[in-house]
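# Reading the structure
Here is what each chain is made of, one letter per residue.
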Amino acid sequence: MSISYEWNVNTVDVYPTEGDYTDVIYNVHWRLNATDTEVDAEGNPYTASVYGTQSLDTSDLSGFIDFDSVTSLQVQGWVESAMGEEEVQSFKDFLDANIAGQIN
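Rules of the game
Residues numbered from 1 in each chain as written. Predicted model: local features only at pLDDT ≥ 70, side-chain atom pairs only at ≥ 80, totals over all residues. Heavy atoms only, no water. Helix = DSSP H or I, 4+ residues; strand = E, 2+ residues; numbered from the N terminus. Buried < 20%, exposed > 50% of the residue type's maximum accessible area, 1.4 Å probe, protein only. Contact = heavy atoms within 4.5 Å. 1 Å grid on protein atoms, 1.4 Å probe; cavity = no way out; pocket = protein on both sides within 12 Å on 5 of 7 lines; lining within 4 Å. Points joined across faces, edges and corners; volume = space filled by probe spheres on them. Nonpolar A, V, L, I, M, F, W, Y, C, P; charged D, E, K, R; others polar.

On the secondary structure map, Ile-65 appears in the loop between strand 3 (45-55) and helix 1 (72-83). According to the relative accessible area criterion, Ile-65 is partly exposed, its value standing at 27%. In sequence terms Ile-65 and Tyr-21 are 44 residues apart; their C-alpha atoms lie 9.6 Å from each other. In this structure, Ile-65 is in contact with Val-70, Gln-74 and Trp-78, ignoring residues within four places of it in sequence.

Next up, the structure:
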């Protein structure tokens, strides 16, 4: 049993203007997908997912990145940072337990 995780952070909410900036991301709608290397009787991998929203702190925009230049990897980093390591791990633990329940 080896589980890999993949974030989907492609849906965001933006402030049209915030100070001198436009299209400032302040909220991310995320999904964390887990896929196991173990497969079921039909050859499909066991999967699970969890989703939610995460607010981002926009009080300091000194490192602002133009909306058109923001990557999914950057948004994922912002989400994980805003959540904190413990919360991210708790979501992964939840997904692991879900997959273990499917297998057993």
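This paragraph deals with the layout of surface pockets. Its volume calculated, the largest pocket comes out at about 260 Å³. Lining the largest pocket are 14 residues, and of these Ile-25, Asp-57, Leu-61, Phe-64 and Trp-78 lie nearest its centre. With three residues, the single largest contributor to the lining of the largest pocket is strand 2 (residues 21-39). Classifying every residue of the lining of the largest pocket gives nine nonpolar, two polar and three charged.

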